[in-house]
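Okay, here's what each chain looks like letter by letter:
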Amino acid sequence: MSEPRRIILDCDPGHDDAVAMMLALGNPAIELLGITTVGGNQTLDKITRNALSVLVMCGREDVPVHAGAHRPLVRRVEVAPEIHGESGLDGVELPEPSRPAQETHGVRFIIDQVMAAEPGTITLVATGPLTNLALAARLEPRIVERVREVVVMGGGYHEGNWTAVAEFNIWVDPEAAAIVFDEAWPLTMVGLDLTHQALATAEVEERVRAIDSPLGEFFIGLMGFFRTAYQEHQGFDDPPVHDACTIAYLIDPEIVQTTRVPLTVELRGEHTVGMTVADFRRPPAADCRHQVATELDHARFWDLVVEAIRVLSVGTDNVED
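Quantities reported herein were computed from a predicted structural model and do not represent experimental measurements.

Novice: Would you explain the sheet that holds strand S10 (residues 290-296) in this entry?
Specialist: Spatial strand order, S3-S2-S1-S4-S5-S6-S10-S7: eight strands in an open sheet with mixed pairing. The open sheet has two free edges, formed respectively by strand S3 (65-67) and strand S7 (256-260), since each of these has just one partner strand. Across the sheet, the mean angle separating the axes of adjacent strands is 25° when strand polarity is ignored. Sheet topology note: the strand S5 (residues 149-153)/strand S6 (residues 187-190) ladder contains four bridges and is parallel. Each bridged residue has a counterpart across the sheet, and for Met153 the counterpart in S6 is Val190. With respect to the sheet, helix H4 (residues 106-116) is in contact with strand S1 (5-11), strand S2 (30-37), S3 and strand S4 (122-126), its orientation differing from that of S2 by roughly 150°.

Set out below in structure tokens:
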């Protein structure tokens, strides 16, 4: 068996961020070095508490949580209560965190971890606005050549959700996204074109319910609120679990098909700020460092998620005999 992928998860939990955490914690192919939080789906204090609470549910309070940027680089704070509720994780009763977040700022944690590790051994996974990654790259440019890969849940090469052409994570802090996309590190964009295929159907929920554990019920509660929010605000029958797709891609790249294409982030268009522009006009250059996710193996994706919940449930003695 190959060595697990060592990752830092930069997130804003968030229902789908919580599922990404479960998948990262419950699969042996991933070594989660730590979690950094960034203001996005809700304010920084709320989503940091959410990260700590999800770790309690998963029985993994050993994973450090470092709060990062509370607002975008330039723009006003904007959150998404209509999708994630006032807590950021509405639909469940959140357990009290067993310990506080670490004192070290999330951006400093990212820099310190990457600089201390062997080059090419740490992957940065971002499932919220890209403020922390942009600040880290600017504060310590040497991390760019030391990171193995950056995997971003954000954007879309044909789709938007917060505006007609912009996805929420990119739109909230497009200046940060432009910095991250423009750096020289390899970057995989797992955007809406892919994540809208990751639907939590009733069949998926029944598989999780059969695990018969508090963590499984926690997942079902999250998806119940998420389903209603997506039905009311975006016209989906079932909710797309965007963020977990980044982790699935790292566990088994065959689950997520990708294609190389140069990417840029629009900053100045009157109607297109935050759009991730993919140039498909010609074959990519040999040195193209961007790729986008295109096709998801839905069945295998959910096999991974369900199994991770089962493993974590056993590990926390949550499964009833």
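Novice: Can you help me understand the pattern of salt bridges in this one?
Specialist: Note that side chains of opposite charge can pair when their charged atoms are close. Taken as a whole and judged by the stated rule, the model has 17 salt bridges. For Arg5, the salt bridge is made with Glu149, and the minimal N-O distance between the two is 3.1 Å. Here Arg5 is found in strand S1, whereas its partner Glu149 is found in strand S5, with 144 residues between them in sequence. A salt bridge links Arg310 to Glu307, with the shortest nitrogen-to-oxygen separation between them at 2.6 Å.

Novice: What should I look at first to understand the pairing of S10 in this one?
Specialist: Here is the key point about a regular strand: its side chains alternate between the two faces of the sheet. Taken across its seven residues, S10 has six buried, putting it largely inside the fold. Bridging between S6 and S10 involves three bridges; their strand directions are parallel. Within S10, the residue paired with Thr188 across the bridge is Gln291. Note that S7 and S10 share five bridges and pair antiparallel. Of the residues in S10, the one forming a bridge with Val256 is Leu296.

Novice: Please clarify how the packing of helix H1 (residues 15-26) against helix H2 (residues 44-58) should be interpreted in this entry.
Specialist: The geometry of a pair of packed helices is captured by two quantities: the angle between their axes and the separation between those axes. Put simply, H1 and H2 touch, their axes get as near as 10 Å, and they point 45° apart. When the interaxial angle is binned, H1 and H2 end up oblique. Crossing angle aside, the handedness with which H1 passes H2 is right-handed. Where H1 abuts H2, its residues Ala18, Met21, Met22 and Leu25 lie against Ala51, Val54, Leu55 and Cys58. Partitioned by chemical class, the residues of the contact of H1 with H2 number eight nonpolar, no polar and no charged.

Novice: Help me out: how do you make sense of the packing of aromatic side chains in this one?
Specialist: In this description, a pair of aromatic rings is defined by centroid distance and the angle of the planes. This model, assessed by the stated rule, comprises six aromatic pairs. Relative to Phe280, the ring of Tyr157 has its centre 5.5 Å away and its plane inclined at 65°; by these criteria the two rings are edge-to-face. Of this pair, Tyr157 sits in the loop between S5 and helix H7 (168-172) while Phe280 sits in the loop between strand S9 (276-278) and S10, and the two are 123 residues apart along the sequence. For Tyr157, a relative accessible area of 17% gives the class buried.

Novice: Sorry, what's going on with the nonpolar core here?
Specialist: Soluble globular proteins: nonpolar side chains tend toward being buried together. Formed by 67 residues in total, the largest nonpolar core has its most connected members in Leu23, Ile35, Phe219, Ile247 and Phe301. Non-local contacts of Ile35, meaning those with residues more than four positions away in its chain, are made with Leu9, Cys11, Met21, Ala51, Leu55, Val63, Pro64, Val65 and His66. If you look at the next biggest cluster of nonpolar residues, it comprises 37 residues, including Leu33, Leu130, Val180 and Trp185.

Novice: Whenever I open this one, the side chain of Arg227 confuses me. Can you help?
Specialist: By the secondary structure assignment, Arg227 is in helix H11 (residues 214-234). Engagement of the side chain of Arg227 in a polar contact is seen with the side chain of Asp238, the distance being 3.2 Å.

Novice: Any chance you could explain a nonpolar patch on the surface here in plain terms?
Specialist: Where nonpolar side chains cluster on the molecular surface, the patch consists of Leu73, Val74 and Leu135 and spans about 230 Å² of accessible area. Structurally, the position occupied by Leu73 is in the loop between S3 and helix H3 (81-84).

Cut-offs used in this document
- Residues numbered from 1 in each chain as written.
- Predicted model: local features only at pLDDT ≥ 70, side-chain atom pairs only at ≥ 80, totals over all residues.
- Heavy atoms only, no water.
- Pairing = 2+ DSSP bridges.
- Helix = DSSP H or I, 4+ residues; strand = E, 2+ residues; numbered from the N terminus.
- Axes fitted to C-alpha atoms, helices over the stretch in contact; angles between N-to-C directions.
- Contact = heavy atoms within 4.5 Å.
- Salt bridge = Lys/Arg side-chain N within 4 Å of Asp/Glu carboxyl O.
- Buried < 20%, exposed > 50% of the residue type's maximum accessible area, 1.4 Å probe, protein only.
- Parallel < 35°, antiparallel > 145°, perpendicular 65-115°, else oblique.
- Left-handed = near helix turned anticlockwise from the far one by under 90°.
- Nonpolar A, V, L, I, M, F, W, Y, C, P; charged D, E, K, R; others polar.
- Phe/Tyr/Trp six-rings, centres within 6.5 Å; stacked < 30°, edge-to-face > 60°.
- Core = buried A, V, L, I, M, F, W, Y, C linked by side-chain atoms within 4.5 Å.
- Polar contact = N/O pair within 3.5 Å; in protein donor to acceptor, adjacent residues only side chain to side chain.
- Patch = residues over 30% accessible without salt bridge, like charges linked within 9 Å, V, L, I, M, F, W, Y side chains within 5 Å.
- Areas by Shrake-Rupley, 256 points an atom, 1.4 Å probe, with all protein chains shown as cover.

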